[in-house]
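# Chains, contacts and geometry: an overview
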Amino acid sequence: MQIPQKNKIITWVSLAIMATSCIIMFGWIFKITALSGLLPGFPMRFNTALCFALLSGALLSAQLHPKNCRSALFFALALAGTVIGLLTLAEDIININTGIDQLFATDPSTLIAVMPHPGRMAFNASLNFGLLGVGLLFFCFNSRYLHIASQYLFHAVTLISAIAIIGFLYNVALYNSLFYVTSMAISTAVFFLVLSLAAALLNPSLGLAAIFTGDRVGNQLARRLVTLIFFMILFFGALKLETHNSRIFSSIDIEMSLLALCFLIATTLLIWNTANWLNRIDAKRKLAEEEIFIINAELEKRVEERTAEYQKSEQCYHSLIDQATDAIYLMDSERNFTEVNVSMCQMTGYSKDELLQMNVIEVLDPEELKNSPLPEISSYLGKPPIERKFIKKNGEPFTAEVNVKVFPDDRVMVIARDVTSRNKMLQEVQEAELKFKSIAEKSMVGIYMVQYGKFIYVNPRFAEIFGYRQEELTNTVPLDTIIYDTHRDYTNQQVKLRMEGKIDSVRYETKGKKKDGSSNWIEFYGSRAMMNGVPTIIGSMMDVTERRKAEDELKASERKYKVLFESNPVPMFMIAKDSLRFIAANDAAAKQYGYTKEELLNMDATAMRLPEDRDLQLRGYQDDRNKTRIARHLKKDGTVIIVQLTTHDIVIEGEPVRLSQTIDITEQYKAQELLKKSEANLKAILNTTDTAYGLFNKDLTALVFNPKAVEFISYRYGYKPESNSHLSDYFPPDRFPQLHKFTNKVLNGENINFEVNFPQEDGSTLWYYVRLYPITSDSTEILGILMALYDISERKNAEQNLKTAYKHIQSHINSIKDMAWKQSHLIRSPLANLKGLTTMLKSDPDPQILEHIETELDRMDAIIIEMADDATTKD
């Protein structure tokens, strides 16, 4: 018995699923809808989350507990999850209500046809829990057979969940559920897939897990192919689901053909990648073979050199043995080697001398000897070759086919051939046959083989499509049993042509007949082949009933589309891309262009375009992309109109057609042209003005600057402004507090004007006049702020110079006033004396009085000179 292994992948997967399940149960208990499922619209039932938590907890305990899967905790958790799953499964099968559905949490969901039991998990979910739980419980027993059974139970869960995921991605309801019972959510299917794969890693050497976990070439190839194919199925499934939901394509045929093309391309790339990988391995193998060949040549050369020393009488004998491709050795009655050839040495890795000192038992597998001891030598007489396991000198085992010949003198000659590669090849062939059978048995399409007018093989899907069992169709009834009466002659004719070799392969649709008498539509693919000399038809088939139904619905849709086209108020045309002639035009198109519909149908599209625009028109028809553009069109009266042209290329009856929609936007276009001219004029003004402008949004984030503003910021801060910068990057609040107060007023609708200054390093000051305006929309909503800065440094410096000059003049006036007051007192004294002396002189002309007058005049002259000196000093 193998002990379940510990693996980090199991631990992390168990932790993730258990944590997620607990969160979902928390959402159910506290009625938090957002937590009740992984994906919106795909809630997970409480019992489902509980079972996931229990079984993932059991896996986790097997990894962390010293007793592995033998612990009581592992058994209890696995048993609890199994019981809940099997009870729910019994409710669906026996149609009973055990009360377990809402035992732990109440489900308020409304009863619907597809979910008739609130709180109950899906049928295939309960089946998966039962299989997964039973598989885990088997690990509690010391039985290899139970462990093998548990591994295949895990594989069954993986298969069911993978089918459910594929059904969801490819919108196949049969795969989402079993027997069209309730279907599990995509998130539940993903949980089962991941958990079952993790459980399979407990014993990776058992079941299908052994194919993907080994390190041999086949294991590596299996991992490589399955991983790429799995992701390819998921990718194209998601792509199909997205295109189907978004209705990108107009019909399911386009979706299916595109999906088939993508599968073909992806498969080709997969084959190319795998072939290159195998070629690299093959190149390494060839290199190793060449090295072995060189070594073998050297060994043969040595053998030839030694055999030259033997006696001439033994040359023929030794030459015969040594040149044999099979290993040949002789032994005595005690099974001691008495002679060996080169091939024997090469096969075992021993030298000839070493083998001649050994017994045969020493090169045989001791384990096999325990189970199958060597018989007496005499018992080999008349027996066919047998296979025995040998051990090389380096310990490597290999299998050899042994043919024993006993001579009368009790000598024994043994011819041995290494059949390890042959056995491996046979095993690989058997595995390939098993894989083919597995693929055919699990294929989504029907597969069949026909000989002598009967089916010699049909897969389960083939029988299921017609409501039969496999054994009811195999080698029993004629092949036209499954063909509807009205289509049998045509179908038999197709079979006859292939059986007679007139055609090799064929593909056709016919009407089938089910076992219950109902009909369906079938698409057959078949090719002629020879099997054991018998003409055989090998092929596949698909039920295309739904596709035929979709085609009928498509025809009805086309009729509705025609009504929509004719009654559309927007002018619409259908134009043949090869001839540019109008195929169809609606009434709105005829009215807009002034033609009748009959006139339009006799014209081509070039008649509606100006001569100088026709080359551009032809290039547009060569472009297959669907797009909207502006074009100039001509009306019947010669009027030129501007239209918004929307085109979409479609295929009608195998011919490329352009569906065109034209909307007259002449007036709108003229208005836009005027707006562009206004914007160009405004841009010219902003680029040439000496005022710096900056536009900011409501968050004071810069939107755009004119060149003058860029020049100002580059000069002031040494870097160019960025469009996502903030106003505070250029006017910090601590330096310009009033500016940030003003912005709040501007955002409330006010206009603000003020002055700011920037001291320079040379002691001068730059002055700017700042104006702030709110930017409003047509609805008077304030969208942002426009800031304008004008350099007023020259004006401010002139004002400052005038103030300084005024102060100097005022100081001079005050000095003159002081001096005049002072000197007036000095001058008035001699003048007063002169007046008195003059009066005295008139009454008494005394010479002494004249002397006094001269003295006073000299004093006055000195005072005047002193005043003149003072005035010069002041200046």
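Quick note: structure is the one above.
Every value quoted in this text rests on a predicted model; they were computed, and no experiment measured them.

## What to know about the sheet that holds strand β5 (residues 412-418)
Strand order in the open sheet made by the 5 strands is β2-β1-β5-β4-β3, with antiparallel pairing throughout. Only two strands of the sheet have a single partner each, and these edge strands are β2 (337-340) and β3 (386-391). Going from strand to strand, the sheet's axes swing by 35° on average, the running direction of each strand aside. Bridge count for strand β1 (residues 327-331) against β2 is 3 bridges, and the pairing is antiparallel. Residue pairing across strands places M331 opposite F337, the latter belonging to β2. On top of the sheet, helix α15 (residues 420-442) reaches β3, β4 (397-406) and β5; it is set at about 120° to β4, its chief contact.

## Topic: helix α1 (residues 8-29)
Between its first and last C-alpha, α1 extends 32 Å over 22 residues, near the 32 Å set by a 1.5 Å rise per residue. Here the buried face of α1 lies against α2 (46-64) and α7 (186-200). With its phi angle positive at about 55°, K31 sits one or two positions after the end of α1.

## Description of a negative patch on the surface
Where like charges cluster on the molecular surface, the negative patch consists of D543, E546, D552 and E553. Considering each element in turn, the negative patch owes the most residues, 3 residues, to helix α19 (residues 545-567). Relative to the helices and strands, D552 resides in helix α19.

## A word on the pairing of β1
Most of β1 is tucked away, with 5 of its 5 residues classed as buried. Burial along β1 is two-sided: the face carrying A327, Y329 and M331 and the face carrying I328 and L330 are both buried. Pairing analysis gives 5 bridges linking β1 to β5, with the strands arranged antiparallel. Note that in β5 the partner of Y329 across the bridge is V414. Hairpin connection between β1 and β2: a loop of 5 residues separates the two successive antiparallel strands, and R335 in this loop has a positive phi of roughly 70°.

## A short note on the nonpolar core
Counting residues in each nonpolar core, the largest one holds 54 residues, and the members touching the most others are F52, L136 and M184. Only α1, α2, α3 (72-94), α4 (123-138), α5 (144-170) and α7 provide two or more residues apiece to this core. When residues of this core are assigned to their parent elements, the largest contribution, 11 residues, is made by α2. If you look at the next biggest cluster of nonpolar residues, it comprises 26 residues, including F705, L739, V756 and Y768.

## Side note on the sheet that holds strand β12 (residues 582-585)
On the basis of which strands lie adjacent, the open sheet formed by 5 strands has the order β12-β11-β15-β14-β13 and antiparallel pairing. A single partner strand is all that each edge strand has here, and the edge strands are β12 and β13 (628-634). Geometrically, the sheet is characterised by an average inter-axis angle of 35° between neighbouring strands, direction not taken into account. Where strand β11 (residues 572-576) meets strand β15 (residues 655-664), 5 bridges bridge the pair, whose relative direction is antiparallel. Opposite I575, over in β15, you have R658 as the bridge partner.

## Quick notes on the pattern of salt bridges
Note that side chains of opposite charge can pair when their charged atoms are close. Within the structure shown, the criterion is met by 23 salt bridges. Notably, a salt bridge pairs R547 with E509, separated by 1.9 Å at the nearest N-O pair. Of this pair, R547 sits in helix α19 while E509 sits in strand β8 (residues 505-513), placing them 38 residues apart in sequence. When the shortest N-O distance is used, the salt bridge between K636 and E599 registers 3.2 Å. On the criterion of sequence distance, the pair formed by K636 in the loop between β13 and β14 (640-652) and E599 in helix α21 (residues 597-601) is long-range, its members being 37 residues apart. Exposure remark for E599: the relative accessible area of 31% places this residue in the partly exposed category. Taken together, the shared-partner salt bridges connect R507, E509, E523, R547 and R548 into one network.

## A closer look at empty space enclosed by the protein
Summed over the entire model, instances satisfying the criterion amount to 4 cavities of 30 Å³ or more. By volume, the largest cavity is sized at about 120 Å³. If you trace the largest cavity, you find 13 residues lining it, with Y329, V360, L374, Y380 and V402 closest to the centre. The set of elements that each furnish at least two residues to the lining of the largest cavity consists of β1, β3 and β4. At 3 residues, β3 tops the list of elements feeding residues into the lining of the largest cavity. Class assignment for the residues of the lining of the largest cavity results in 11 nonpolar, no polar and 2 charged. Within this model, the second largest cavity holds a volume of roughly 100 Å³. Taken together, Y448, V450, F455, L479, I482, I483, T491, V495, R498, Y508, F524 and I537 make up the lining of the second largest cavity. Those elements that provide at least two residues to the lining of the second largest cavity are β6 (446-451) and α18 (488-499). When residues of the lining of the second largest cavity are assigned to their parent elements, the largest contribution, 3 residues, is made by α18. Here the residues of the lining of the second largest cavity are counted per class, giving 10 nonpolar, 1 polar and 1 charged.

Rules and cut-offs
- Just so you know, the residues in each chain are numbered from 1, in the order the chain's sequence is written.
- Reporting of local features is limited, given that this is a predicted model, to residues whose pLDDT is at least 70; pairs of side-chain atoms are given and counted only at 80 or more, and all residues count toward the totals for whole chains, interfaces and linings.
- Only heavy atoms go into the side-chain values, all of them from the structure, while hydrogens and water stay out.
- Paired strands, as defined in this entry, are two strands with at least two bridges between them according to DSSP.
- For the purposes of this entry, the term helix denotes a DSSP run of H or I that reaches at least four residues, the term strand denotes a run of E that reaches at least two, and both are numbered from the N terminus.
- To get an axis, a line is fitted to the C-alpha atoms, and for a helix only the part in contact is used. The angle between two axes follows their N-to-C directions and goes from 0 to 180 degrees.
- Between two residues, a contact is recorded if the distance between any of their heavy atoms is within 4.5 Å.
- Expected helix span is computed as 1.5 Å times (number of residues minus one).
- The patches reported here contain residues having more than 30% relative accessible area and no salt bridge. Joining distances are 9 Å for like charges and 5 Å for nonpolar side chains (Val, Leu, Ile, Met, Phe, Trp, Tyr).
- Accessible surface is estimated by sampling points in the Shrake-Rupley manner with a 1.4 Å probe; for residues, cover comes only from the protein chains shown.
- Basic side-chain nitrogens of Lys or Arg form a salt bridge, by our definition, when they fall within 4 Å of a carboxyl oxygen of Asp or Glu.
- His is not counted, nor are the chain ends; Lys and Arg add positive charge and Asp and Glu add negative charge.
- A single reference atom marks each charge: NZ on Lys, CZ on Arg, CG on Asp, CD on Glu.
- Buried, partly exposed and exposed residues are distinguished by accessible area as a fraction of the type maximum, computed with a 1.4 Å probe on protein chains only: under 20%, between the cut-offs, and over 50%, respectively.
- Put simply, buried Ala, Val, Leu, Ile, Met, Phe, Trp, Tyr and Cys residues joined by side-chain atoms within 4.5 Å make one nonpolar core.
- Using a 1 Å grid laid over the protein atoms alone, points where a 1.4 Å probe fits but cannot get out form a cavity; open sets with protein on both sides within 12 Å along at least 5 of 7 lines form a pocket; any residue with an atom within 4 Å of a point counts as lining.
- Grid points are joined across faces, edges and corners, and a volume is the space filled by probe spheres set on the points.
- Side-chain classes are defined by residue name, with Ala, Val, Leu, Ile, Met, Phe, Trp, Tyr, Cys and Pro counting as nonpolar, Asp, Glu, Lys and Arg as charged, and the others, Gly among them, as polar.

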